[in-house]
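Architecture and fold: a report
This is what each chain is made of:
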Amino acid sequence: MPFRPERESPPTAGMPLGLADLGGTAPAPLTALAAVWLGVDDVQLECSGTAALTVALTALAEDAPFRREVAIPAFTCPLVPLAIRRAGLVPRLVDLAPGHFDMDPQRLTDACGPATLAVVPTHLGGRIADVAAANAIAHRVGAVTIEDAAQALGARCEGGFAGTRGDIGFYSLAAGKGLSIFEGGLLVSRDETWHPRFRRAAKRIARWQPGWELRRSLELAAYALLYRPHGLGWAYGRPLRRALRRGDLLGAAGEHFSVDFPLHPVGRWRRAVGARAFHRLPAFIEATSRQARSRLPRLAAIPGLHAFSDEGGTWPYLMLRLPDQATRDAVLKRLWPSRHGVSRMFVHALPDYRYLDPMPGGEDVPHARDFAARTLTITNSPWLDDAAFEHVCAVIEAVIASR
Ligand SMILES: *Cc1c(COP(=O)(O)O)cnc(C)c1O
C-alpha cells in the first residue's frame, strides 16, 4: 500500500519551528531575550526543565543540610520526583484539592516543617496554581518556593509572569511545550545571590557531553521538519497507536522516563535556534489563547463536563474533568487513538508509577488518584480545526449522555 500521510494534531500546542530558525544570525542570546521578556535580571539555560530543577535543588541543598524534603503535588510530571532524588533529596507528596490540579493548602501546610527545603507549586498545563498560598506556607517554615512553570512559559499570574512569583521558577523547552529546542529548560530566581550559586552547581553536575548534544541537535532538526500536520502522523501518531495497541499507556503518553536523565550544557546551535524563534512566541500565545477561549463555551455546554479555565494562563491544551473514570476511559478509548490530539496529562498519580520508589505522603493521596482517573486533554494546537474540534466534543457529549 502506498504511504499516504494524513493530517494529525499534536497532543499539545507547541510552537512550530520554520526552516529559517535553523540558520542565520540570532538577534541576541536566548537567555537575554527570555530575561527581558519575563522582566527578570537573569535567566539560566539548562538541558531540560528537569535539569533546571535539579540544578536549583542541588545548590539550595548545600546551604541547608538538615532540610531534605521537597513538597510536590501528588499528580505531576514523574520527572519532578526524579529531579529531587537526583539532587539527593526526598520528594514529599501532597494531595490535591478535590477535583483540582493544585495542592490542597491544608495538606500542604501539614506536609511542611523544619525538614522542608522547598515547595513546588505547579502550573499544570498552563493553568495557574496558587503561588501566593504556597509562598505563605513555605516561608512560614523557612522553606522556599520553586514554581514549576514547565508548561506555562508566558502565562500571567498575580500581576507578573508565572514562574517569577515564587522564589525560584523553571520552564521547559521540551518538544511540544510552547517554545522548544527539543529539550531545554530555563531557570529564574528572585534572589540575585542565587544566580552565581546556580551557575556553580550547573558547572559541577552538568558536564559537556558531545554525544547528547549531537543527538539533541539531530532531534531538533527532525522536530523542525516533522512538527507539522503531515509529519506528525508519522513521528507522533504511528508510535502512539502502536503503544495503545500494546496496552502501553506510559509509552502512549511519553512517560517512560529514566532515573539517569541527561545533565549537560546546551550547545550553541540549539541556543541560536531558540533565540531566532523567540520573537514569535508572544503572538503564538495570543493566538492559541484566543482559540482556547473561543472553544471553552462549547465544552461548558456539555452536562457533567468541567473544563479548567483562568484569566492569565497559557493554553497548550484544554484540560477536562469527566464525571467518573468509566466515562473518561470510554471517551479515551474512542479518541486517544484518533488523529485529533486527545490525550492524558500524566497517566498516574505519582505513587502509582512502578519506576518511582515509594515516597513519603504517597500513602494518602485520594484526590490525586481521582484526578488522574477522571481527566483528559484536547490539544489546543491550531491544526485541530473547528470541524475536528466539534467532532471531539460530539463524541464526549454522546459518551457522557449514554451512561
Ligand atoms: C514537562 C514537565 C516537566 C519537566 O520538563 P522537561 O523539560 O521535560 O524536563 C516538569 N514539570 C511539569 C509539570 C512538566 O509538564
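Residues numbered from 1 in each chain as written. Predicted model: local features only at pLDDT ≥ 70, side-chain atom pairs only at ≥ 80, totals over all residues. Heavy atoms only, no water.

1. So, the overall build of the protein
The helix and strand tally for the protein stands at 14 helices and 13 strands. The globule rule puts the C-alpha radius of gyration for 403 residues at 22 Å, and the 20 Å found for the protein is close to it. Here the C-alpha coordinates of the protein stretch approximately 60 × 50 × 40 Å along the principal axes. Taken over 403 residues, the protein has a buried fraction of 59%. The long-range share in the protein, meaning contacts at least 24 apart out of those at least 6 apart in sequence, stands at 74%. Element-wise, carbon and sulfur atoms account for 57% of the exposed surface of the protein, whose accessible area totals about 16400 Å². The positive charge centre, built from 47 side chains, and the negative charge centre, built from 40, are 6 Å apart in the protein. (Helix = DSSP H or I, 4+ residues; strand = E, 2+ residues; numbered from the N terminus. Rg over C-alpha atoms; globule rule 2.2 N^0.38 Å. Buried < 20%, exposed > 50% of the residue type's maximum accessible area, 1.4 Å probe, protein only. Contact = heavy atoms within 4.5 Å. Areas by Shrake-Rupley, 256 points an atom, 1.4 Å probe, with all protein chains shown as cover. Lys, Arg positive; Asp, Glu negative; His and termini not counted. Charge placed at Lys NZ, Arg CZ, Asp CG, Glu CD.)

2. Examining the layout of surface pockets
In this structure, the second largest pocket spans a volume of roughly 250 Å³. Of all the secondary structure elements, the ones that give two or more residues to the lining of the second largest pocket are β1 (44-46) and α6 (194-205). Of the residues in the lining of the second largest pocket, the class split is 6 nonpolar, 3 polar and 5 charged. (1 Å grid on protein atoms, 1.4 Å probe; cavity = no way out; pocket = protein on both sides within 12 Å on 5 of 7 lines; lining within 4 Å. Points joined across faces, edges and corners; volume = space filled by probe spheres on them. Nonpolar A, V, L, I, M, F, W, Y, C, P; charged D, E, K, R; others polar.)

3. Let's talk about the packing of helix α7 (residues 210-226) against helix α10 (residues 268-278)
The relative placement of two packed helices comes down to the angle between their axes together with the axis-to-axis distance. For the pair α7 and α10, interaxial distance at closest approach is 9 Å and the crossing angle is 35°. The chirality of how α7 crosses α10 is left-handed. For the pair α7 and α10, the contacting residues are E213, R216, S217, L220 and A221 in the first and W269, R270 and V273 in the second. Of the residues contributing to the contact of α7 with α10, the split by class is 4 nonpolar, 1 polar and 3 charged. (Axes fitted to C-alpha atoms, helices over the stretch in contact; angles between N-to-C directions. Left-handed = near helix turned anticlockwise from the far one by under 90°.)

4. Structural notes on the site of the ligand
Contacts to the ligand come from 16 residues, most closely from T50, D148, Q151, S172 and K177. Between the ligand and K177 there is a distance of 2.9 Å, counted from an oxygen atom to a side-chain nitrogen or oxygen. When isolated, the ligand has an accessible area of 380 Å², and the protein chains bury 94% of it. Listed by contribution, the elements that provide at least two residues to the shell around the ligand are α2 (49-63) and α3 (79-86). (Near = heavy atom within 4 Å. Polar contact = N/O pair within 3.5 Å; in protein donor to acceptor, adjacent residues only side chain to side chain.)

5. Brief notes about the pattern of salt bridges
With the rule as written, the count across this model stands at 21 salt bridges. For R270, the salt bridge is made with E213, and the minimal N-O distance between the two is 2.8 Å. In this pair, R270 sits in helix α10 while E213 sits in helix α7, placing the two residues 57 residues apart along the sequence. Residue R270 shares its accessibility class with E213, and that shared class is buried. Among the salt bridges present, the one from R328 reaches D329, with a minimum N-O distance of 2.9 Å. (Salt bridge = Lys/Arg side-chain N within 4 Å of Asp/Glu carboxyl O.)

6. Here's the deal with the pairing of strand β2 (residues 69-73)
Both faces of the sheet carry side chains from a regular strand, because those side chains alternate between them. Burial within β2 is extensive, with 5 of its 5 residues counted as buried. Taking every second residue as pointing to the same face, both faces of β2 are buried, with E69, A71 and P73 on one and V70 and I72 on the other. Bridge count for β2 against strand β3 (residues 90-94) is 5 bridges, and the pairing is parallel. Looking across to β3, one finds that E69 is bridged to V90. Taking the sense of rotation as the criterion, the β-α-β connection linking β2, α3 and β3 turns out right-handed. Looking at chain direction, β2 and strand β4 (residues 116-119) are connected through 3 bridges and run parallel. (Pairing = 2+ DSSP bridges. Right-handed = clockwise from strand over helix to strand, strands pointing away.)

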